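Descriptive analysis of the structure
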Amino acid sequence: MKVIYPDYLKQFQCSGKECPDTCCKGWGIQIDARTWKKYQEEKGSFGKQIRKNSNKRDRTLKFQEGVCNFFTKEGLCRLQQAKGAEFLCKTCREYPRHLEIYGEQKEWSLSLSCPEVAKLILTRERPIAWLAIEKDVESNYKGEVEEELVELYYKMREWLVEVIQESTKPIAIKVAEAMALAHDFQKYQKKERKENWEEVEERIQSVWNRYQKENETGRLETKLKKFQGETELKNIYVGNYLKIFHEMEAIEEEFLKFVRQVEGNMGENKETIGKERRLIKDAKEQSAKREVFYQNLFLYFLSVYFVGGIYDGMLYTKVKLAVFSFLIIRELIEQKELKEGRWLREEETWKIAWKYARQLEHSSYNLERLEEELENKEAFSLEMMLYCVLA
(Lines give C-alpha, C1' and ligand atoms only; values in the text may rest on other atoms or scores of the structure.)
Protein backbone atom coordinates (compact mmCIF):
# COMPACT_ATOMS: atom_id res chain seq x y z
CA MET A 1 0.00 0.00 0.00
CA LYS A 2 1.24 3.48 -0.88
CA VAL A 3 1.01 6.30 1.69
CA ILE A 4 1.12 9.82 0.22
CA TYR A 5 1.50 13.11 2.11
CA PRO A 6 2.52 16.73 1.41
CA ASP A 7 6.09 17.60 2.30
CA TYR A 8 4.99 20.03 5.03
CA LEU A 9 2.92 17.45 6.96
CA LYS A 10 5.61 16.59 9.49
CA GLN A 11 6.40 20.27 10.13
CA PHE A 12 3.12 20.73 12.00
CA GLN A 13 3.31 21.24 15.75
CA CYS A 14 0.30 22.02 17.92
CA SER A 15 0.70 25.35 19.73
CA GLY A 16 -1.35 24.02 22.68
CA LYS A 17 -2.45 26.68 25.13
CA GLU A 18 -0.94 29.37 22.87
CA CYS A 19 -3.48 28.55 20.12
CA PRO A 20 -5.57 31.63 19.23
CA ASP A 21 -8.65 29.53 18.35
CA THR A 22 -8.70 26.09 19.93
CA CYS A 23 -10.15 23.08 18.11
CA CYS A 24 -11.84 22.05 21.40
CA LYS A 25 -14.83 24.26 20.65
CA GLY A 26 -17.33 24.99 17.91
CA TRP A 27 -18.02 21.49 16.54
CA GLY A 28 -19.25 18.07 17.58
CA ILE A 29 -16.51 15.54 18.38
CA GLN A 30 -17.49 11.98 17.48
CA ILE A 31 -15.97 9.18 19.56
CA ASP A 32 -14.87 6.15 17.52
CA ALA A 33 -16.08 2.69 18.56
CA ARG A 34 -12.76 1.49 20.01
CA THR A 35 -12.31 4.60 22.17
CA TRP A 36 -15.97 4.52 23.26
CA LYS A 37 -15.48 0.98 24.56
CA LYS A 38 -12.34 2.08 26.39
CA TYR A 39 -14.18 5.01 27.97
CA GLN A 40 -17.04 2.75 29.11
CA GLU A 41 -14.56 0.37 30.76
CA GLU A 42 -12.50 3.08 32.51
CA LYS A 43 -12.74 2.50 36.26
CA GLY A 44 -12.99 4.81 39.25
CA SER A 45 -14.08 8.42 39.53
CA PHE A 46 -12.31 9.39 36.32
CA GLY A 47 -14.31 6.77 34.38
CA LYS A 48 -17.53 8.14 35.87
CA GLN A 49 -16.49 11.65 34.88
CA ILE A 50 -15.86 10.56 31.28
CA ARG A 51 -19.23 8.85 30.98
CA LYS A 52 -21.00 11.82 32.59
CA ASN A 53 -19.51 14.13 29.94
CA SER A 54 -20.29 11.89 26.95
CA ASN A 55 -23.52 11.63 24.97
CA LYS A 56 -24.53 7.96 24.85
CA ARG A 57 -27.06 8.34 22.02
CA ASP A 58 -24.65 9.67 19.36
CA ARG A 59 -21.30 8.86 21.03
CA THR A 60 -20.03 12.44 21.22
CA LEU A 61 -18.27 14.48 23.88
CA LYS A 62 -20.52 16.93 25.72
CA PHE A 63 -20.02 20.64 25.12
CA GLN A 64 -21.10 23.57 27.27
CA GLU A 65 -21.50 26.99 25.63
CA GLY A 66 -19.73 25.61 22.57
CA VAL A 67 -16.66 24.31 24.45
CA CYS A 68 -15.72 20.71 25.27
CA ASN A 69 -16.27 19.90 28.95
CA PHE A 70 -12.74 18.48 29.17
CA PHE A 71 -11.15 21.75 28.02
CA THR A 72 -9.35 23.51 30.90
CA LYS A 73 -9.04 27.23 31.63
CA GLU A 74 -5.35 26.88 30.78
CA GLY A 75 -6.26 25.78 27.24
CA LEU A 76 -5.37 22.11 27.70
CA CYS A 77 -7.27 18.79 27.61
CA ARG A 78 -7.97 17.03 30.91
CA LEU A 79 -8.21 13.65 29.18
CA GLN A 80 -4.74 14.03 27.68
CA GLN A 81 -3.30 15.43 30.91
CA ALA A 82 -4.55 12.42 32.85
CA LYS A 83 -3.96 9.57 30.40
CA GLY A 84 -1.79 10.81 27.52
CA ALA A 85 -2.53 11.44 23.83
CA GLU A 86 -3.23 7.77 23.09
CA PHE A 87 -6.26 7.92 25.39
CA LEU A 88 -7.98 10.49 23.16
CA CYS A 89 -10.60 9.52 20.58
CA LYS A 90 -9.46 9.21 16.97
CA THR A 91 -10.71 12.69 15.99
CA CYS A 92 -8.87 14.47 18.81
CA ARG A 93 -5.76 12.32 18.39
CA GLU A 94 -5.41 12.90 14.65
CA TYR A 95 -6.76 16.43 14.09
CA PRO A 96 -5.65 18.50 12.19
CA ARG A 97 -4.26 15.54 10.27
CA HIS A 98 -6.81 14.08 7.86
CA LEU A 99 -6.76 10.73 6.07
CA GLU A 100 -8.41 9.74 2.80
CA ILE A 101 -8.18 6.27 1.26
CA TYR A 102 -8.35 5.76 -2.50
CA GLY A 103 -8.23 2.04 -3.23
CA GLU A 104 -4.67 0.95 -2.53
CA GLN A 105 -3.47 4.45 -1.65
CA LYS A 106 -3.72 6.42 1.57
CA GLU A 107 -3.31 10.18 1.53
CA TRP A 108 -2.70 12.33 4.60
CA SER A 109 -3.29 16.08 4.65
CA LEU A 110 -3.56 18.88 7.21
CA SER A 111 -6.82 20.78 7.83
CA LEU A 112 -6.75 24.53 7.14
CA SER A 113 -9.30 25.01 9.94
CA CYS A 114 -6.41 24.80 12.43
CA PRO A 115 -4.70 28.20 13.00
CA GLU A 116 -1.23 26.65 13.16
CA VAL A 117 -1.85 24.79 9.87
CA ALA A 118 -3.17 27.98 8.25
CA LYS A 119 0.05 29.76 9.17
CA LEU A 120 2.18 26.82 8.00
CA ILE A 121 0.45 26.44 4.63
CA LEU A 122 -0.39 30.02 3.69
CA THR A 123 3.11 31.43 4.30
CA ARG A 124 4.88 28.70 2.35
CA GLU A 125 7.20 30.07 -0.37
CA ARG A 126 8.42 26.81 -1.92
CA PRO A 127 6.42 24.75 -4.44
CA ILE A 128 4.35 22.00 -2.85
CA ALA A 129 5.55 18.43 -3.31
CA TRP A 130 4.07 15.07 -2.34
CA LEU A 131 6.12 12.34 -0.74
CA ALA A 132 5.25 8.65 -0.88
CA ILE A 133 6.25 5.58 1.07
CA GLU A 134 5.40 1.96 0.36
CA LYS A 135 4.00 -0.20 3.15
CA ASP A 136 3.90 -3.98 2.95
CA VAL A 137 0.23 -4.27 3.90
CA GLU A 138 -2.88 -4.88 1.83
CA SER A 139 -5.57 -2.23 1.72
CA ASN A 140 -9.04 -3.09 3.01
CA TYR A 141 -10.35 -0.96 0.13
CA LYS A 142 -8.57 -2.85 -2.64
CA GLY A 143 -10.89 -3.27 -5.61
CA GLU A 144 -13.31 -0.58 -4.40
CA VAL A 145 -12.16 1.75 -7.18
CA GLU A 146 -10.23 1.04 -10.37
CA GLU A 147 -6.53 1.67 -9.83
CA GLU A 148 -6.33 3.12 -13.34
CA LEU A 149 -8.84 5.76 -12.27
CA VAL A 150 -6.87 6.62 -9.14
CA GLU A 151 -3.67 6.99 -11.17
CA LEU A 152 -5.49 9.19 -13.68
CA TYR A 153 -6.76 11.52 -10.95
CA TYR A 154 -3.32 11.87 -9.44
CA LYS A 155 -1.93 12.69 -12.89
CA MET A 156 -4.63 15.34 -13.47
CA ARG A 157 -3.98 16.86 -10.05
CA GLU A 158 -0.27 16.99 -10.81
CA TRP A 159 -1.00 18.92 -14.00
CA LEU A 160 -3.36 21.34 -12.25
CA VAL A 161 -0.80 21.98 -9.52
CA GLU A 162 1.79 22.65 -12.24
CA VAL A 163 -0.54 25.30 -13.70
CA ILE A 164 -0.98 27.02 -10.33
CA GLN A 165 2.72 26.92 -9.44
CA GLU A 166 3.80 28.53 -12.73
CA SER A 167 5.90 31.48 -11.55
CA THR A 168 5.35 34.21 -14.16
CA LYS A 169 1.56 34.70 -14.05
CA PRO A 170 -0.78 36.38 -11.55
CA ILE A 171 -2.70 33.94 -9.38
CA ALA A 172 -6.07 35.02 -10.84
CA ILE A 173 -4.94 33.98 -14.34
CA LYS A 174 -3.64 30.67 -13.05
CA VAL A 175 -6.88 29.92 -11.19
CA ALA A 176 -8.88 30.72 -14.34
CA GLU A 177 -6.69 28.41 -16.42
CA ALA A 178 -6.97 25.57 -13.90
CA MET A 179 -10.76 25.87 -13.84
CA ALA A 180 -11.01 25.88 -17.65
CA LEU A 181 -8.69 22.87 -17.82
CA ALA A 182 -10.75 20.91 -15.27
CA HIS A 183 -13.91 21.81 -17.21
CA ASP A 184 -12.45 20.08 -20.26
CA PHE A 185 -11.12 17.13 -18.23
CA GLN A 186 -14.65 16.50 -16.96
CA LYS A 187 -15.92 15.80 -20.49
CA TYR A 188 -13.94 12.56 -20.53
CA GLN A 189 -14.60 11.25 -17.03
CA LYS A 190 -18.30 10.70 -16.38
CA LYS A 191 -20.03 9.31 -13.32
CA GLU A 192 -21.43 5.77 -13.39
CA ARG A 193 -20.11 4.85 -16.80
CA LYS A 194 -18.04 1.84 -17.73
CA GLU A 195 -14.81 3.29 -18.99
CA ASN A 196 -12.09 2.15 -21.32
CA TRP A 197 -9.39 3.76 -19.20
CA GLU A 198 -6.79 3.66 -21.95
CA GLU A 199 -9.03 5.74 -24.21
CA VAL A 200 -10.03 8.09 -21.40
CA GLU A 201 -6.39 8.69 -20.49
CA GLU A 202 -5.54 9.42 -24.12
CA ARG A 203 -8.37 11.97 -24.37
CA ILE A 204 -7.42 13.68 -21.11
CA GLN A 205 -3.78 13.72 -22.21
CA SER A 206 -4.91 15.45 -25.41
CA VAL A 207 -6.66 18.14 -23.32
CA TRP A 208 -3.42 18.73 -21.41
CA ASN A 209 -1.41 18.85 -24.63
CA ARG A 210 -3.83 21.39 -26.10
CA TYR A 211 -3.58 23.53 -22.99
CA GLN A 212 0.22 23.56 -23.20
CA LYS A 213 0.14 24.53 -26.87
CA GLU A 214 -2.41 27.32 -26.35
CA ASN A 215 -0.41 28.54 -23.36
CA GLU A 216 2.80 28.71 -25.39
CA THR A 217 1.19 30.52 -28.33
CA GLY A 218 -0.68 33.02 -26.16
CA ARG A 219 -4.05 31.87 -27.47
CA LEU A 220 -5.24 30.95 -24.00
CA GLU A 221 -4.44 34.42 -22.68
CA THR A 222 -6.44 35.92 -25.56
CA LYS A 223 -9.44 33.73 -24.72
CA LEU A 224 -9.42 34.91 -21.11
CA LYS A 225 -9.16 38.64 -21.85
CA LYS A 226 -12.89 39.05 -22.42
CA PHE A 227 -13.54 38.03 -18.80
CA GLN A 228 -11.16 40.59 -17.28
CA GLY A 229 -12.09 43.85 -15.57
CA GLU A 230 -15.82 43.18 -15.13
CA THR A 231 -15.97 44.41 -11.53
CA GLU A 232 -19.70 45.10 -11.52
CA LEU A 233 -20.50 41.58 -12.72
CA LYS A 234 -18.13 40.17 -10.12
CA ASN A 235 -19.85 42.12 -7.34
CA ILE A 236 -23.25 40.79 -8.42
CA TYR A 237 -22.14 37.17 -8.74
CA VAL A 238 -19.97 37.01 -5.60
CA GLY A 239 -22.67 38.87 -3.65
CA ASN A 240 -25.05 36.05 -4.63
CA TYR A 241 -22.46 33.42 -3.74
CA LEU A 242 -22.30 34.84 -0.21
CA LYS A 243 -26.03 34.15 0.21
CA ILE A 244 -25.22 30.42 0.30
CA PHE A 245 -23.95 30.95 3.84
CA HIS A 246 -27.51 31.88 4.91
CA GLU A 247 -28.50 28.24 4.43
CA MET A 248 -25.49 26.68 6.13
CA GLU A 249 -25.30 25.15 9.57
CA ALA A 250 -23.62 27.72 11.84
CA ILE A 251 -20.26 26.54 13.13
CA GLU A 252 -19.31 29.97 14.48
CA GLU A 253 -22.00 32.65 14.48
CA GLU A 254 -19.36 35.39 14.61
CA PHE A 255 -17.97 34.33 11.22
CA LEU A 256 -21.42 34.21 9.61
CA LYS A 257 -22.12 37.69 10.98
CA PHE A 258 -18.93 38.90 9.30
CA VAL A 259 -20.01 37.29 6.01
CA ARG A 260 -23.38 39.06 6.21
CA GLN A 261 -21.64 42.38 6.83
CA VAL A 262 -19.45 41.88 3.75
CA GLU A 263 -22.51 40.94 1.73
CA GLY A 264 -24.09 44.21 2.77
CA ASN A 265 -20.98 46.18 1.83
CA MET A 266 -20.77 44.81 -1.71
CA GLY A 267 -22.87 47.65 -3.14
CA GLU A 268 -20.88 50.46 -1.52
CA ASN A 269 -18.02 50.69 -4.02
CA LYS A 270 -18.46 54.42 -4.67
CA GLU A 271 -17.78 55.23 -1.04
CA THR A 272 -14.52 53.27 -0.98
CA ILE A 273 -12.57 55.27 -3.61
CA GLY A 274 -10.65 57.30 -1.02
CA LYS A 275 -9.81 54.18 0.95
CA GLU A 276 -8.60 52.46 -2.22
CA ARG A 277 -6.20 55.35 -2.85
CA ARG A 278 -4.81 55.15 0.67
CA LEU A 279 -4.14 51.45 0.16
CA ILE A 280 -2.18 52.03 -3.07
CA LYS A 281 0.88 53.42 -1.24
CA ASP A 282 2.17 50.05 -0.06
CA ALA A 283 0.34 47.96 -2.67
CA LYS A 284 3.46 46.60 -4.40
CA GLU A 285 4.98 44.96 -1.33
CA GLN A 286 1.64 43.75 -0.03
CA SER A 287 0.43 42.34 -3.35
CA ALA A 288 3.54 40.16 -3.70
CA LYS A 289 2.87 38.59 -0.31
CA ARG A 290 -0.81 38.28 -1.09
CA GLU A 291 -0.09 36.43 -4.35
CA VAL A 292 1.79 33.80 -2.33
CA PHE A 293 -1.10 33.63 0.14
CA TYR A 294 -3.75 33.10 -2.55
CA GLN A 295 -1.67 30.57 -4.45
CA ASN A 296 -1.19 28.47 -1.31
CA LEU A 297 -4.87 28.89 -0.45
CA PHE A 298 -6.06 27.60 -3.82
CA LEU A 299 -3.53 24.76 -3.79
CA TYR A 300 -4.82 23.64 -0.41
CA PHE A 301 -8.43 23.23 -1.54
CA LEU A 302 -7.38 21.73 -4.86
CA SER A 303 -5.00 19.24 -3.25
CA VAL A 304 -7.34 18.08 -0.48
CA TYR A 305 -10.53 17.63 -2.50
CA PHE A 306 -9.65 16.87 -6.12
CA VAL A 307 -8.79 13.16 -5.91
CA GLY A 308 -12.09 12.54 -4.05
CA GLY A 309 -13.74 12.95 -7.45
CA ILE A 310 -12.99 9.28 -8.13
CA TYR A 311 -16.02 8.39 -5.97
CA ASP A 312 -18.62 10.72 -7.47
CA GLY A 313 -17.12 11.56 -10.88
CA MET A 314 -17.38 15.30 -10.16
CA LEU A 315 -13.78 16.32 -10.71
CA TYR A 316 -14.79 19.72 -12.13
CA THR A 317 -16.95 20.41 -9.07
CA LYS A 318 -13.94 19.71 -6.84
CA VAL A 319 -11.98 22.37 -8.70
CA LYS A 320 -14.94 24.76 -8.54
CA LEU A 321 -14.93 24.22 -4.77
CA ALA A 322 -11.34 25.47 -4.71
CA VAL A 323 -12.29 28.42 -6.96
CA PHE A 324 -15.30 29.28 -4.78
CA SER A 325 -13.12 29.20 -1.65
CA PHE A 326 -10.53 31.43 -3.36
CA LEU A 327 -13.24 33.92 -4.41
CA ILE A 328 -15.00 34.10 -1.04
CA ILE A 329 -11.85 34.45 1.06
CA ARG A 330 -10.44 37.04 -1.37
CA GLU A 331 -13.68 39.04 -1.17
CA LEU A 332 -13.84 38.85 2.63
CA ILE A 333 -10.27 40.15 2.89
CA GLU A 334 -10.63 42.91 0.29
CA GLN A 335 -13.95 44.20 1.62
CA LYS A 336 -12.58 44.34 5.18
CA GLU A 337 -9.54 46.25 3.89
CA LEU A 338 -11.69 48.74 1.99
CA LYS A 339 -13.98 49.26 4.97
CA GLU A 340 -11.05 49.89 7.33
CA GLY A 341 -8.82 51.70 4.79
CA ARG A 342 -5.75 49.57 5.50
CA TRP A 343 -4.01 46.38 4.46
CA LEU A 344 -4.75 43.50 6.80
CA ARG A 345 -1.85 42.00 8.69
CA GLU A 346 -0.81 38.47 7.69
CA GLU A 347 -2.30 36.91 10.81
CA GLU A 348 -5.64 38.59 10.06
CA THR A 349 -5.77 36.98 6.62
CA TRP A 350 -4.87 33.58 8.10
CA LYS A 351 -7.76 33.97 10.55
CA ILE A 352 -10.29 34.63 7.79
CA ALA A 353 -9.02 31.53 5.96
CA TRP A 354 -9.23 29.20 8.97
CA LYS A 355 -12.64 30.54 9.99
CA TYR A 356 -13.93 29.89 6.46
CA ALA A 357 -12.43 26.38 6.50
CA ARG A 358 -14.17 25.59 9.81
CA GLN A 359 -17.52 26.68 8.44
CA LEU A 360 -17.05 24.38 5.46
CA GLU A 361 -15.06 21.44 6.78
CA HIS A 362 -16.50 21.00 10.28
CA SER A 363 -19.95 20.24 8.90
CA SER A 364 -20.60 17.46 6.39
CA TYR A 365 -23.96 19.13 5.70
CA ASN A 366 -22.30 22.42 4.70
CA LEU A 367 -19.74 20.74 2.47
CA GLU A 368 -22.29 18.52 0.74
CA ARG A 369 -24.71 21.43 0.29
CA LEU A 370 -22.04 23.59 -1.30
CA GLU A 371 -20.93 20.83 -3.68
CA GLU A 372 -24.56 20.32 -4.71
CA GLU A 373 -24.90 24.04 -5.50
CA LEU A 374 -21.62 24.08 -7.43
CA GLU A 375 -22.64 21.03 -9.44
CA ASN A 376 -26.18 22.06 -10.37
CA LYS A 377 -26.65 25.84 -10.32
CA GLU A 378 -26.13 28.01 -13.42
CA ALA A 379 -24.61 30.67 -11.15
CA PHE A 380 -21.51 28.49 -11.04
CA SER A 381 -21.05 28.08 -14.79
CA LEU A 382 -17.53 28.37 -16.19
CA GLU A 383 -18.30 31.75 -17.73
CA MET A 384 -19.76 33.31 -14.59
CA MET A 385 -16.94 32.10 -12.35
CA LEU A 386 -14.31 33.32 -14.82
CA TYR A 387 -15.81 36.82 -14.62
CA CYS A 388 -15.48 36.64 -10.84
CA VAL A 389 -11.91 35.34 -10.82
CA LEU A 390 -10.59 37.78 -13.43
CA ALA A 391 -12.44 40.98 -12.40
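Heads up: these notes are all about the structure in this document. Since we're looking at a predicted model, the values are computed, not measured. (Residues numbered from 1 in each chain as written. Predicted model: local features only at pLDDT ≥ 70, side-chain atom pairs only at ≥ 80, totals over all residues. Heavy atoms only, no water.)

What about the overall build of the protein?
Each helix and strand in the protein was counted, giving 18 helices and eight strands. The C-alpha radius of gyration computed for the protein amounts to 22 Å, which stays within 12% of the reference 21 Å derived for 391 residues, consistent with globular compactness. Here the protein, with 391 residues, has 50% of them falling under the buried criterion. Sequence-distant contacts in the protein: of pairs separated by 6 or more residues, those separated by 24 or more amount to 77%. In the protein, which carries 67 positive and 68 negative side-chain charges, the distance between the mean positions of the two groups comes to 6 Å. (Helix = DSSP H or I, 4+ residues; strand = E, 2+ residues; numbered from the N terminus. Rg over C-alpha atoms; globule rule 2.2 N^0.38 Å. Buried < 20%, exposed > 50% of the residue type's maximum accessible area, 1.4 Å probe, protein only. Contact = heavy atoms within 4.5 Å. Lys, Arg positive; Asp, Glu negative; His and termini not counted. Charge placed at Lys NZ, Arg CZ, Asp CG, Glu CD.)

A word on the nonpolar core
In this structure, Tyr 241, Phe 245, Phe 298, Phe 301, Phe 324 and Tyr 356 are the most contacted members of the largest nonpolar core, which totals 119 residues. Among the elements that make up this core, the one with the highest residue count is helix α15 (residues 315-340) (13 residues). (Core = buried A, V, L, I, M, F, W, Y, C linked by side-chain atoms within 4.5 Å.)

Brief notes about the side chain of Arg 330
Inspection of the secondary structure assignment puts Arg 330 in helix α15. A polar atom in the side chain of Arg 330 sits 2.8 Å from the backbone oxygen of Cys 388. Non-local contacts of Arg 330, meaning those with residues more than four positions away in its chain, are made with Ala 172, Tyr 294, Cys 388 and Val 389. (Polar contact = N/O pair within 3.5 Å; in protein donor to acceptor, adjacent residues only side chain to side chain.)

A few points about the pattern of salt bridges
On inspection of all chains with the given rule, the structure shows 30 salt bridges. The residue Glu 42 makes a salt bridge to Lys 83 at a minimum N-O spacing of 2.9 Å. Of this pair, Glu 42 sits in the loop between α1 (33-41) and α2 (44-52) while Lys 83 sits in helix α3 (residues 78-83), placing them 41 residues apart in sequence. Taking relative accessible area as the criterion, Lys 83 reaches 42% and is therefore assigned partly exposed. Close ionic contact of Arg 290 with Glu 337 constitutes a salt bridge, the shortest N to O distance being 2.9 Å. Here Arg 290 is found in helix α13 (residues 283-305), whereas its partner Glu 337 is found in helix α15, with 47 residues between them in sequence. For Arg 290, a relative accessible area of 9% translates into the label buried. Three or more residues are tied together by salt bridges with common partners; here these are Lys 336, Glu 340, Arg 342, Arg 345, Glu 347 and Glu 348. (Salt bridge = Lys/Arg side-chain N within 4 Å of Asp/Glu carboxyl O.)

Topic: the packing of aromatic side chains
Within the structure shown, the criterion is met by 20 aromatic pairs. The interplanar angle of 40 degrees and the centroid separation of 5.0 Å between the aromatic rings of Tyr 39 and Phe 87 together place this pair among those described as tilted. Linking Tyr 39 in helix α1 with Phe 87 in the loop between α3 and α4 (90-94), this pair joins segments that are 48 residues apart in sequence. Neither Tyr 39 nor Phe 87 differs from the other in exposure class; each is buried. A centroid spacing of 4.5 Å and a plane angle of 25 degrees characterise the contact between Tyr 241 and Phe 380, whose relative ring orientation is stacked. With Tyr 241 in helix α10 (residues 231-242) and Phe 380 in the loop between α17 (364-376) and α18 (382-390), this residue pair connects regions lying 139 residues apart in the sequence. Across the pair, Phe 380 and Tyr 241 agree in class, each one buried. (Phe/Tyr/Trp six-rings, centres within 6.5 Å; stacked < 30°, edge-to-face > 60°.)

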